[in-house]
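Each chain, letter by letter, is given below.
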Amino acid sequence: MTGTLVLAGTPIGEVADAPPRLAAELAAADVIAAEDTRRLRRLTQALEVTPAGRIVSYFEGNEAARTPELADALAGGARVLLVTDAGMPSVSDPGYRLVAAAVERGIKVTAVPGPSAVLTALAVSGLPVDRFCFEGFLPRKAGERLSRLREVEGERRTLVYFEAPHRLADTLAAMAEVFGADRRAAVCRELTKTYEEVRRGGLGELAAWAAEGVRGEITIVVEGAPESGPAELDADELVRRVRIREEAGERRKEAIAAVAADAGLPKREVFDAVVAAKNSEREAGKGAAGPR
């Protein structure tokens, strides 16, 4: 008889938001795998629960090494409860590897539904919620971040991101550059906590606000691209987009092809714009040098 893997949602702020089944699962589990054992201890104290099972840490740094151990426990009949610091396990948090290992071995996987920063932010954002996609955290490096944003530039579904507070201003500025400064968005900070704040506005406006410094856990919700299709782009904008892709590591040929596809234009038109800009810069450089 194999065991059961239970993914349990934990509060993202207010402890009273804990699902009713969480306390029972914490008390009954044979093994509790926690992203942070200290936070787990505070949670069990708040819920007035005394875990009877073994408690082990399970976080990004040891997830790969500890997964086989937990999978073996499940195969041996244990009921393993997986909890993260906040929200649902495996959603931009540890858990995916263990779920995949359990599924591969034919072990039952179930969940205790609970709070989710993704759905909470989406619900309060004021943006369309009928279709959305979750993009997690963007890359930390500027070039990689711009490249990732370019991949969803034409996405019509509402976009949801997680971000660290110290990178928020740079991320919003990059979004304004790629999606447009007027694209509507909402920055959701400290959801369900004492200092909860939802700041709504255009990406350019939000980037300027965030430049002053923001604290707390952040979820960003961004309106999808307009259904009217891509706007007509002038030569300067085509060149700018090619250069952004080149700075992100793409070769010029691939960058031109991608920009042409996004704009619905022949590659030759984008190529001619790039060549004309290069020639213009060369002539300007000669003029600046003056006569010899």
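The structure under discussion appears in the preceding block.
A brief structural summary. (Residues numbered from 1 in each chain as written. Predicted model: local features only at pLDDT ≥ 70, side-chain atom pairs only at ≥ 80, totals over all residues. Heavy atoms only, no water.)

**Thoughts on the overall build of the protein**
Alright, step 1. If you tally the helices and strands in the protein, you get 11 helices and 10 strands.
Alright, step 2. Taken over the C-alpha trace, the protein has a radius of gyration of 24 Å; the compact-globule value for 292 residues is 19 Å, which it surpasses by more than 25%.
Alright, step 3. Taking all 292 residues of the protein together, 43% fall into the buried category.
Alright, step 4. Taking contacts inside the protein between residues at least 6 apart in sequence as the whole, the part at least 24 apart equals 72%.
Alright, step 5. Total accessible area on the protein is roughly 15500 Å²; 50% of this is exposed by carbon and sulfur atoms.
Alright, step 6. One finds the centroid of the 40 positive side-chain charges in the protein at a distance of 4 Å from the centroid of its 45 negative side-chain charges. (Helix = DSSP H or I, 4+ residues; strand = E, 2+ residues; numbered from the N terminus. Rg over C-alpha atoms; globule rule 2.2 N^0.38 Å. Buried < 20%, exposed > 50% of the residue type's maximum accessible area, 1.4 Å probe, protein only. Contact = heavy atoms within 4.5 Å. Areas by Shrake-Rupley, 256 points an atom, 1.4 Å probe, with all protein chains shown as cover. Lys, Arg positive; Asp, Glu negative; His and termini not counted. Charge placed at Lys NZ, Arg CZ, Asp CG, Glu CD.)

**Overview of helix 3 (residues 63–75)**
Alright, step 1. With 13 residues, helix 3 extends 18 Å from end C-alpha to end C-alpha; this agrees with the ideal 18 Å at 1.5 Å per step.
Alright, step 2. At its buried positions, helix 3 is contacted by strand 1 (4–8), strand 2 (31–34), strand 3 (54–57), strand 4 (79–83) and helix 4 (96–104).
Alright, step 3. G77 occupies a position one or two residues after helix 3 and carries a positive phi of about 110°. (Expected span 1.5 Å × (residues − 1).)

**Observations concerning the pairing of strand 1**
Alright, step 1. Burial analysis of strand 1 places 5 of its 5 residues in the buried class, which makes it a mostly covered element.
Alright, step 2. Judged by which residues are buried, strand 1 turns out to be covered on both faces: T4, V6 and A8 on one side and L5 and L7 on the other are all buried.
Alright, step 3. Both strand 1 and strand 4 contribute to a ladder of 4 bridges, which runs parallel. Following the sheet pairing, L5 is matched in strand 4 by V80.
Alright, step 4. Pairing geometry for strand 1 and strand 5 (residues 108–112), over 5 bridges, is parallel. By the bridge assignment, L5 is partnered in strand 5 with V109. (Pairing = 2+ DSSP bridges.)

**So, unusual backbone geometry**
Alright, step 1. Within the chain, E190 stands out as a residue other than glycine whose phi angle is a positive 55°.
Alright, step 2. Look at T192: it is not a glycine, yet its phi comes out positive at around 65°.
Alright, step 3. Among the secondary structure elements, T192 is positioned in the loop between strand 8 (184–189) and strand 9 (197–202).
Alright, step 4. Among the residues examined, T192 registers a relative accessible area of 26% and is labelled partly exposed.

**A look at the side chain of E153**
Alright, step 1. Within the secondary structure, E153 sits in the loop between helix 6 (142–151) and strand 7 (158–163).
Alright, step 2. For E153, a relative accessible area of 12% translates into the label buried.
Alright, step 3. In terms of polar contacts, E153 uses its side chain to reach the side chain of R241, at 2.8 Å.
Alright, step 4. For E153, the residues in contact, after removing those within four places along its chain, are V178, F179, R183, A225, R241 and D262. (Polar contact = N/O pair within 3.5 Å; in protein donor to acceptor, adjacent residues only side chain to side chain.)

**Here's the deal with the environment of V242**
Alright, step 1. On the secondary structure map, V242 appears in helix 9 (residues 235–247).
Alright, step 2. Sequence spacing of V242 and V221 is 21 residues, and the spatial spacing of their C-alpha atoms is 27 Å.
Alright, step 3. Residue contacts for V242: discarding those within four places in its chain leaves A255, I256, V259, V270 and V274.

The analysis is restricted to geometry; functional conclusions fall outside its scope.
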